[in-house]
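Chain by chain, the residues run as shown.
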Amino acid sequence: MRRLTSRGLYLEQFKEPAISSPIDSFFDVKTVFLPVSSELCVSANQQLDCGQLISRGIYPDSIDSFASVKGTAAAIGEFKFEKFEGQSFMQLDADKDFVATSFEEIEPRELTDDEIMYAATECGILNTTDKRTLAEILEQYKGGVKNLVIDAVDDEPYVSSRISQLLCRTKYIPHAIKALNRLFGAKNIHIEAYGRNGDVSVRIPQSVGRYAVKASLEVYPVSRMLQSDDDTVYIDIGALLSFYYSAITHKPYTNTVVTVAGDCVKKSRNVEVPIGTSIGDILNFCGLRKKPALIVLGGSMTGYSVDGTDIPVLKSTKAILAFTEEPEFETTTCVGCGRCIDVCPQKLLPYYIYSYYLDNNIEKLYRLSADKCTECGCCSYICPAKIDLRQYVKLSRRTLLKEMWQNEQDSQNNQSALSEK
Ligand code: SF4
Ligand code: SF4
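In this text, all values refer to a predicted model and were calculated from it rather than measured experimentally.

Looking only at helices and strands, the protein has twelve helices and 19 strands in total. In terms of overall dimensions, the protein is globule-like: its C-alpha atoms have a radius of gyration of 22 Å, near the 22 Å expected for 421 residues. Burial statistics for the protein: of 421 residues in total, 43% are counted as buried. In the protein, of all internal contacts separated by at least 6 residues, the share reaching a separation of at least 24 is 70%.

What follows is the structure in structure tokens.
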């Protein structure tokens, strides 16, 4: 288990064997749970088709939600899934004869402008690189953009759900990029993949069609380097392929590809599943050596551990990791190396925020802008003293937001007291 917690080491070898295996499909699901907003488009007990719109603009992804199986909307409510407090879900029971359509069943073809626009704006495509919808991104770049980068970087140990799509769905990618670029009009296009793959047996291609595959040589986590600006837009490969599937089939892509790995999993692999499938069903499909001592959703660096296995996978879930042992955190005192400051994408001072939080020095926390933290986890990962800085910055951020809210309330109360006088 030290492998999981040895921060600062390169751990790409743990991408095997999932990275070199074909993407598997697990479609034999009885029930899925789909996040919904208050803007429901269907009601309980209604019979739904796969791909049917069920709710508008859901939190946390702020995207429309679609039925991922054909079946009956059995119930709508909170369901109290761990980490999703306050979020409503729809329980959708799949029809016995329902068979999901795998991505591989589509055939590349030329697309019309209407098909491209429909897929980009109506099908709830989530760009997991920046957690925005494709429709939102297009709005920003409606005048066009210079560079389009397809993000196939799996920036954490174990995770290979992006690169596996590059390797297994290669034949679709040139067609999909060409179609997407009819919307962006970029002159320069390339695909970016994680480049420190010394221990990985599979060969990453140097190009796909006429598009070069460039190696990102940053250390984990590298996603902080892939940020869109005025000249360059980053679209993750999952979003690109979902867009292409939706344009070809005229319906939203309602599956997702997730890496299932960790020393407790019998066969690590990438699996295509309907969105809303429980992590327990997926782990059973892949087989477990024994009851996991630790389950992590997302990557081993920036993911979070969960106790239950009833939690559904969402579009943004990139991995399910199951381990036989709990990690041992042996925190020591800060050695003053400054690495946490170097890696912070928000240019914060994580160590100082941590110290001022422990001292309950709110004024200093204000000055250090702890509220700007995006909880990326880079500081915790890189810290040789293994201080969980992210956790402390997160607590500081919460303290500050609470303070700001309280100050706002106090000032409103003072103003109304003055106007009453
Ligand atoms: S978790 Fe917050 S403080 Fe730490 S590196 Fe990320 S943004 Fe910076
Ligand atoms: S908190 Fe960790 S990363 Fe930051 S200066 Fe101290 S030892 Fe280095």
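A few words now on the pairing of strand 6 (residues 71-77). As paired elements, strand 3 (residues 47-48) and strand 6 share two bridges and run antiparallel to each other. Of the residues in strand 6, the one forming a bridge with Q47 is T72. Where strand 6 and strand 7 (residues 88-94) come together, six bridges link them in antiparallel fashion. Its bridge partner being in strand 7, A73 is matched across the sheet by L92.

For the rest of this paragraph, the subject is the site of ligand 1. Not every one of the 16 residues close to ligand 1 is listed here, only the nearest: C344, C373, C376, C378 and C379. Elements with a contribution of two residues or more to the shell around ligand 1: helix 11 (378-382) and helix 12 (389-420). Take the shell around ligand 1: its biggest share by element is three residues, from helix 12. Of the residues contributing to the shell around ligand 1, the split by class is eleven nonpolar, three polar and two charged.

All right, on to the sheet that holds strand 17 (residues 294-297) then. Pairing within the open sheet is mixed, and its six strands lie in the order 1-16-15-19-17-18. Of all strands in the sheet, those bounded by a partner on one side alone are strand 1 (24-25) and strand 18 (304-306). Relative to strand 18, strand 17 runs antiparallel, the two sharing three bridges. Along strand 18, the bridge assignment pairs I295 with V306. Each of strand 15 (255-261), strand 16 (269-274) and strand 19 (319-323) touches helix 4 (residues 161-168); the most contacted strand, strand 15, lies at about 115° to it.

Of all hydrophobic cores here, the largest spans 91 residues; its most connected members are A176, L240, F243, Y244, I282 and I320. The element best represented in this core is helix 6 (residues 237-249), accounting for nine residues. Residue-level mapping places this core at the junction of two domains, with at least three residues from each of domain 1 (28-99) and domain 2 (104-249). Aside from chain neighbours lying at most four places away, what touches I320 is V258, V260, I279, I282, L283, I295 and L297. If you look at the next biggest cluster of nonpolar residues, it comprises 22 residues, including Y357, C378, C379 and Y392.

What follows deals with the confidence of the model for the protein. The pLDDT averaged across the protein works out to 86; a share of 91% of its residues lies at or above 70. This stretch, residues 1-11, has a pLDDT under 50; its non-local contacts, to residues over four places away or in other chains, come to 21 contacts.

Turning our eyes to something else, we now look at helix 6. The end-to-end C-alpha distance of helix 6, which contains 13 residues, comes to 18 Å, matching closely the 18 Å that a straight helix rising 1.5 Å per residue would cover. Among the 13 residues of helix 6, twelve are classified as buried, and the element is accordingly described as predominantly covered. For helix 6, the set of buried residues is I237, G238, A239, L240, L241, S242, F243, Y244, Y245, S246, A247 and I248. Once helix 6 finishes, H250 follows within two positions and takes phi at roughly 65°, a positive value.

Turning our eyes to something else, we now look at the sheet that holds strand 12 (residues 207-208). Here five strands make up an open sheet; going across it, the order is 12-13-11-10-14 and the pairing mixed. Whereas interior strands pair on both sides, the edge strands pair on one side only; in this sheet they are strand 12 and strand 14 (232-236). Where strand 12 meets strand 13 (residues 211-216), two bridges bridge the pair, whose relative direction is antiparallel. Each residue of the ladder has a partner; that of V208, found in strand 13, is Y211. Where helix 4 meets the sheet, it contacts strand 10 (147-152), strand 11 (188-194), strand 12 and strand 14, and its direction lies at approximately 120° from that of strand 11. Packed onto the sheet, helix 6 meets strand 10 and strand 14 and runs at close to 75° relative to strand 14.

Calculation notes
- Residues numbered from 1 in each chain as written.
- Chains lettered and ligands numbered in written order.
- Predicted model: local features only at pLDDT ≥ 70, side-chain atom pairs only at ≥ 80, totals over all residues.
- Helix = DSSP H or I, 4+ residues; strand = E, 2+ residues; numbered from the N terminus.
- Rg over C-alpha atoms; globule rule 2.2 N^0.38 Å.
- Buried ≥ 20, exposed ≤ 12 C-beta atoms within 10 Å, placed from the backbone.
- Contact = placed C-beta atoms within 7 Å.
- Pairing = 2+ DSSP bridges.
- Near = placed C-beta within 6 Å.
- Nonpolar A, V, L, I, M, F, W, Y, C, P; charged D, E, K, R; others polar.
- Axes fitted to C-alpha atoms, helices over the stretch in contact; angles between N-to-C directions.
- Core = buried A, V, L, I, M, F, W, Y, C linked by C-beta atoms within 7 Å.
- Domains from an automatic or database assignment.
- pLDDT = per-residue confidence, 0-100.
- Expected span 1.5 Å × (residues − 1).

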